[in-house]
Amino acid sequence: ETHRRASRHSTSLSENSLNIAHCEKSSASILGISKRQALETLSRDKKAASRTLTQLKAKDKELQRNQEKLRGDEVTQKDSKSELEEKLATLQGDHACSKQEYEN
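These figures come from a predicted structure and were not determined experimentally.

Chemist: Outline the overall build of the protein, listing residues and values.
Modeler: The helix and strand tally for the protein stands at one helix and zero strands. Expressed as a percentage of the 104 residues in the protein, the buried residues total 0%. Here the protein has roughly 9,900 Å² of accessible surface; of this, 55% comes from carbon and sulfur atoms.

So this is what it looks like as structure tokens:
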């Protein structure tokens with residue numbers, strides 16, 4: 001009788017151990033799925049961020065080229081303004097001289 005009880009006790013521990021192992025296996029499987037899904041989400045986010053970064057870098061280069069062009073245009077416009085101001089001063093001086101000669 002003692003032997004039979006011990007045998008039952010041993011079997012029930014084994015069944016209990018099997019149940020625990022099964023629960024742990026299920027938990028690990030569920031955890032593995034959620035980790036895989038999180039990894040896939042992070043991978044998609046990384047790809048999207050990479051595409052966005054590439055687009056922003058291209059836009060930045062375009063804006064830098066535009067800025068350089070505008071700076072070149074500014075220099076050209078300043079040079080033209082200086083030349084026109086010199087011509088204006090010369091013409092106003094010539095006009096003043098001509099006017100005075102005419103009046104005399």
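Now that the structure has been shown, we can carry on.
Chemist: Pulling in residues and values, what's your account of the pattern of salt bridges?
Modeler: Under the defined criterion, the tally for this structure stands at four salt bridges. Of the charged contacts, one joins Arg36 and Glu40 as a salt bridge, the two residues approaching to 3.8 Å between their closest N and O atoms. On the criterion of helical spacing, the pair formed by Arg36 and Glu40 is a turn pair, its members being four residues apart in helix 1 (residues 2-103). Note that Lys78 and Glu74 form a salt bridge whose closest N and O atoms lie 3.5 Å from each other. Remark: Glu74 and Lys78 occur in helix 1; sequence separation between them is four residues, near one turn of the helix. Look at Glu74 and you get partly exposed, because its relative accessible area is 42%.

Calculation rules
- Residues numbered from 1 in each chain as written.
- Predicted model: local features only at pLDDT ≥ 70, side-chain atom pairs only at ≥ 80, totals over all residues.
- Heavy atoms only, no water.
- Helix = DSSP H or I, 4+ residues; strand = E, 2+ residues; numbered from the N terminus.
- Buried < 20%, exposed > 50% of the residue type's maximum accessible area, 1.4 Å probe, protein only.
- Areas by Shrake-Rupley, 256 points an atom, 1.4 Å probe, with all protein chains shown as cover.
- Salt bridge = Lys/Arg side-chain N within 4 Å of Asp/Glu carboxyl O.

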